[in-house]
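A closer look at the structure
For reference, the chains in residue letters:
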There are 2 protein chains.
Amino acid sequence: MTLTCVSDLDRCSKEGCLWQPALIWIGINIVVTCLGSALVVYLQPLASGSGVPYIKSYLNGVKLPGLLTLECFVAKVGGVVMSILGGLACGKEGPMAHSGSIIAAGLGKGRVRLLCKNKRVSAYDGFRDDHEIRDFVSGGAASGVSAAFGAPVGGTLFSVEEAASFWSQSLTWRVFFSAMIACFFTNFLLSAFNGTPNQLSAPGLVRFDVFPNLKFDLIEIPVFLVMAVVGGLVGAAFVVLNYKLTVFRYRYIKLKWLKVAEAGLVAAITGLASFIMIISLNSCTDKTPYDEHAVITKMHCTDNQHHSLSTLFLATPEGCLKALLHDPFGSFGAVTLLIFVVVFFFLAVWTYGLSVSSGVFIPSLVIGATWGRLFGIAVVNLFPGDREHYELEVGKYALIGAASQLGGVLRTTISLTVIIVECTGEVSFGLPIMIVLMISKWVGDFISTGLYDMNIEVLGLPLLPWDPPALCDTIKASDLMNAPALTLNKVEKVGRIVEILRNETFCGFPVVNAKGRDHGKQSKVRGLILRSQLLVLLKHKIFSPESMMQPNTVRLKDFRKYYLQYLKIEDVEISEEEMEYWIDLRPYVTPNPYTVEPTFSLPRLFRLFRGLGLRHLIVVNDVNEPIGMITRKDLAKFRVESKRGLVKVEQLNIEDK
Amino acid sequence: MTLTCVSDLDRCSKEGCLWQPALIWIGINIVVTCLGSALVVYLQPLASGSGVPYIKSYLNGVKLPGLLTLECFVAKVGGVVMSILGGLACGKEGPMAHSGSIIAAGLGKGRVRLLCKNKRVSAYDGFRDDHEIRDFVSGGAASGVSAAFGAPVGGTLFSVEEAASFWSQSLTWRVFFSAMIACFFTNFLLSAFNGTPNQLSAPGLVRFDVFPNLKFDLIEIPVFLVMAVVGGLVGAAFVVLNYKLTVFRYRYIKLKWLKVAEAGLVAAITGLASFIMIISLNSCTDKTPYDEHAVITKMHCTDNQHHSLSTLFLATPEGCLKALLHDPFGSFGAVTLLIFVVVFFFLAVWTYGLSVSSGVFIPSLVIGATWGRLFGIAVVNLFPGDREHYELEVGKYALIGAASQLGGVLRTTISLTVIIVECTGEVSFGLPIMIVLMISKWVGDFISTGLYDMNIEVLGLPLLPWDPPALCDTIKASDLMNAPALTLNKVEKVGRIVEILRNETFCGFPVVNAKGRDHGKQSKVRGLILRSQLLVLLKHKIFSPESMMQPNTVRLKDFRKYYLQYLKIEDVEISEEEMEYWIDLRPYVTPNPYTVEPTFSLPRLFRLFRGLGLRHLIVVNDVNEPIGMITRKDLAKFRVESKRGLVKVEQLNIEDK
């Protein structure tokens, strides 16, 4: 298709029929993008965007039903193919991480099911499933990134730094192994696709390719630092503009067809803008492009020249990046680059957050590489004495620019450094990359949060960060807790349980031994029972007319059957008569739940939740009577915002979904 | 010195006076080694060995006074120089990690002191020092490894995988940064030493150097697998033999001069063995060695030949490794290699654990590379059709052998994979390396624990592993705890505190509010006070004749002054009269200590200690009265041994030191 388009372009620029290919091009863009967007909007809205913020929240412990389903996978993968085909200013790396996670979760659930069938699973193993699936998802995300960049170590660290909330040695090892296999397999398939399966010469989809001579002089360090600051500023501008746009979308673009229409509109404008730029800008060059497979258009250029800008627009996003990093000096004029970067920046801002499946890695790299190349041109003109030397190194500046822009947008530092070092294969150049990333992160953090965190904030997901919020030493457990605690007796009436489950949204309840069945008096904590467990008990009718009789028993596999099915109280039918029956909860409670006293401070509560991965904590008084409950939502409420050097603690209002 | 020795060798092998250089060589070896050993034995015994097991224990929370002192640094660095100079079969990579940690700890303590002077430190910050120093030590260890191998990512992961016990995102970032700078600076210095400071061509001390064509066919995978099993077996043999030797040393070599003498003996035998081998084995070759700076001896060889085995013995350990990895096929005969690997193996086993500063990385790599080369020779002879192809690839087999041997000895997998990938700069070859390391680890684990863990076990250090011991679900807090709990009242007599501190070794005590001053009745937990805090209070005489009066106050900086000084009760002088005085502990206790009930199970206790980094935990009954204390030693007692497929739980007897 591209080739027809190119020949049409070449022909029409002479014959003056440019509106023909323009219309065809834009038309195809709109149709394909709308299809992709419809897939996301109507099949599974969680498939929109890059998916990394969702995966991050999921791994942090937030429940997002539908995130790891087959529909989501279809919408994600189909959607991202359409988005790229539709010519949107977006990449496919975030979606690759998300779809990797979905595949991994599928494998994980399959494994859990297999285990249930074949092995006598002990009661201890019974409740580890959540962790297991999470481990699989971490591995999937890492594999996705690893396959995208051919960077297994970087992918692993990305998963650990950006996504995972809990670290363990064995998990890292497994994640690393899967990332390594993903990298190898991508390499093998791509090499086979290129006709050389034994060469293993294509370790990832995005290759920065080897820079022939990646060295730096001390004199260049100040230039790198300035570029780092620019990257931080442009990155933060990206985040802030995207934030405004996202809020606007939340308010006004609620209808499904409107979302699809917006995607179509962006596709049209992207196509139109590219076309106008290709026609109006004169960027003919006689330099040979680095990539020998690059699509070359002549347009109005003379015989031994080609139109360099159109090459950027007609290439895949990865090809565009490669051209910016490696094409020889003089391929692109300064004015051309400047206009391109401004237009592309706004298109990318507008695109990210659309209801399409789209990543932000590649657009950021392209924006950064473009203005980085501008810096390279400036350096060449600043040091005319070393002109030839610096002309060779213009790609290095593009690389630094790309890194700095990505750091300014995403604010991940460890994994990005490693990914870039792995992509370029040059350890010595890691230090400047690292310093640039660090500074662009600092500059960016001074202005706004990172893009993914901004997403999570806008979505109102109760994420627990790595460290307890500052300035909260004086907040006590008693300020946070939901009091009075809703307790259940060890032997409780069915009616009371049903009533509580219907009226309250809590997911865990302290179980107490009530003296003489009057609530709240000398009721010491005896355990914790989960909403999901209560629902399974009710569903299986584990109750009896008399309080001392235990008619049925429920087995572990029954609990497992409903695992991840999100059973609701409406799914359970209880007759009026049964409401008067009794349930003996004793065999099912988790004994010795974690408890704290009301004077426990917020930072220590935070460490308890983070360190142990808790969801519920019972607050008890001096004689072990429950007086309140704290959930992770209560902790996630406190969000510290540090902006422009000021620190502010906010208490968010997180709604139940 | 080496050069004189070489010319002597060459001359004497013709003139028949070989005993002269032999005597000089062995004599120098003995003297230098004994000096190095004496440095370690008499200055700081903690400087012996590689130091990684000590650093690992320290970071896990074990107190090892003297580990991070200047004396230890001098003994470590001086010792390792002497060991290498003395020709022992050892490397300098572990000692580099240890000395990096010492420097880092020094910087850290300096920073803490600086903070105390310049900044009003809040009470909250007051007790974070331990963590801060530990973070510095992690960074130092990573920098050491990074400088040794030119592998910043590998060094970081080594620190995280092998050493660190707690993971945090910001820590990893700092560690990575320091590792990167260490790598860069080593590169700069070494390049400057080689006369090309701008080239940055020497990223680490140990370079595997770039393999020209590191590819593999599917047909080679079975060979790799066999090699992995061999590596696991040989590695485990190394650990087991070394274990027996260590136990023997613990029993019989206790006197200081004996330790020095043993080191001298090993130096003599190492020298003698090398000499006998050089003389008796005929390994003349006309192949040019890979390293152009390699020292070449002729000995009895003809004019255009040189003696390849003597090159191995006369080179630095790193040079020896490089020769084994890169010298062309045919440089070493199969018989030569076989004899060399057997002798070197036993020398290395004997050397590791001597009272000298010595690492185990390089000897393992050399052993592995040697038998790996043997595999390479075998493959060449197995596939005579592809003879030329495989002759070029003999170095690849040496690399696989080296990796597999190291995996079999150390059992670290993530970091070793990354280190080797970084050293060779070939991502695609990471997968076979990884698989080989994994299998050699499995095989090794089936027979024994890893070398570092074996060391820690022999030393009886109370290390808490990553995961709770298996099969311990039925062990409860009440089985573990030290009961009855030694409690202090909120206002306590000086005499009683002094008596407790003199007679007991506990480091933390629950503080209770006693009713009417009679102990043990309705005494609810009000906080926890540390031994070190009590000692500072006593030292500053914060007591008064009447129980309701509070004469002096002690400030945070007084607590800080004694931090890391390990104050003892003997250092505090209390008169008879003062014994009857009262201390009001209330301003100093840590309120709301973590408490559990006696029915808490061991795995959950374990997660509590590991997740929160606790040292003490109070066991309380139903009405919040302390009934026992659990310390990390009580948990570390339970060691699971899984050997030859069987799992065994042991309760160790850890003595107080």
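Higher on the page you've got the structure.
The sections below set out a description of the structure shown in this document. Keep in mind the model is a prediction, meaning the values are calculated, not measured. (Residues numbered from 1 in each chain as written. Chains lettered and ligands numbered in written order. Predicted model: local features only at pLDDT ≥ 70, side-chain atom pairs only at ≥ 80, totals over all residues. Heavy atoms only, no water.)

**Structural notes on the packing of aromatic side chains**
What the rule picks out here adds up to 26 aromatic pairs over all chains. Aromatic pair Phe-600 of chain A and Tyr-594 of chain B: ring centres 5.5 Å apart, planes at 70°, arrangement edge-to-face. Here Phe-600 of chain A is found in the loop between strand S8 (595–596) and helix H24 (602–612), whereas its partner Tyr-594 of chain B is found in the loop between strand S7 (582–584) and strand S8 (595–596) on a different chain. In this pair, the class of Phe-600 of chain A matches that of Tyr-594 of chain B, namely buried. Taking 5.0 Å as the distance between ring centres and 45° as the angle between the ring planes, the aromatic pair formed by Phe-248 of chain B and Tyr-252 of chain B counts as tilted. (Phe/Tyr/Trp six-rings, centres within 6.5 Å; stacked < 30°, edge-to-face > 60°. Helix = DSSP H or I, 4+ residues; strand = E, 2+ residues; numbered from the N terminus. Buried < 20%, exposed > 50% of the residue type's maximum accessible area, 1.4 Å probe, protein only.)

**Considerations on the sheet that holds strand S3 (residues 488–489) of chain B**
All names here are of chain B. Spatial strand order, S3-S5-S6: 3 strands in an open sheet with mixed pairing. The open sheet terminates on both sides in strands that have one partner only, identified here as S3 and strand S6 (524–530). Lying over the sheet, helix H22 (residues 531–539) contacts S3, strand S5 (508–513) and S6, oriented at roughly 75° with respect to S6. (Pairing = 2+ DSSP bridges. Contact = heavy atoms within 4.5 Å. Axes fitted to C-alpha atoms, helices over the stretch in contact; angles between N-to-C directions.)

**Digging into the relation of the copies chain B and chain A**
Between the two copies of this chain, the relationship is a rotation about some axis together with a displacement along it. The two copies are related by a screw operation: chain B maps onto chain A through 180° of rotation and 0.0 Å of translation along the axis, at an RMSD of 0.0 Å. The transformation just described matches what one would write down for a two-fold rotation axis. Both copies present the same face, since 100% of the interface residues in chain B are matched by interface residues at the equivalent positions in chain A. (Least-squares fit on C-alpha atoms with pLDDT ≥ 70 in both.)

**Let's talk about the side chain of His-616 of chain A**
Residue and element names in this part refer to chain A. Following the sequence through the fold, His-616 ends up in strand S9 (residues 616–620). For His-616, a relative accessible area of 15% corresponds to the buried category. A polar contact is formed between the side chain of His-616 and the backbone nitrogen of Gly-508, at a distance of 3.5 Å. Not counting the four nearest positions on each side in its chain, His-616 is found in contact with Cys-507, Gly-508, Leu-528, Leu-530, Phe-609, Met-629, Ile-630 and Thr-631. (Polar contact = N/O pair within 3.5 Å; in protein donor to acceptor, adjacent residues only side chain to side chain.)

**Some words on the layout of surface pockets**
Residues and elements named next belong to chain A. If you add up the space inside the second largest pocket, you get close to 650 Å³. Around the second largest pocket, the lining is made up of 26 residues, and of these Ser-48, Tyr-54, Tyr-250, Gly-353 and Ser-355 lie nearest the centre. Elements with a contribution of two residues or more to the lining of the second largest pocket: helix H2 (19–43), helix H3 (52–60), helix H9 (221–252), helix H10 (256–280) and helix H19 (451–459). Take the lining of the second largest pocket: its biggest share by element is 4 residues, from H9. Class assignment for the residues of the lining of the second largest pocket results in 12 nonpolar, 9 polar and 5 charged. (1 Å grid on protein atoms, 1.4 Å probe; cavity = no way out; pocket = protein on both sides within 12 Å on 5 of 7 lines; lining within 4 Å. Points joined across faces, edges and corners; volume = space filled by probe spheres on them. Nonpolar A, V, L, I, M, F, W, Y, C, P; charged D, E, K, R; others polar.)

This is a description of form; function is not addressed.
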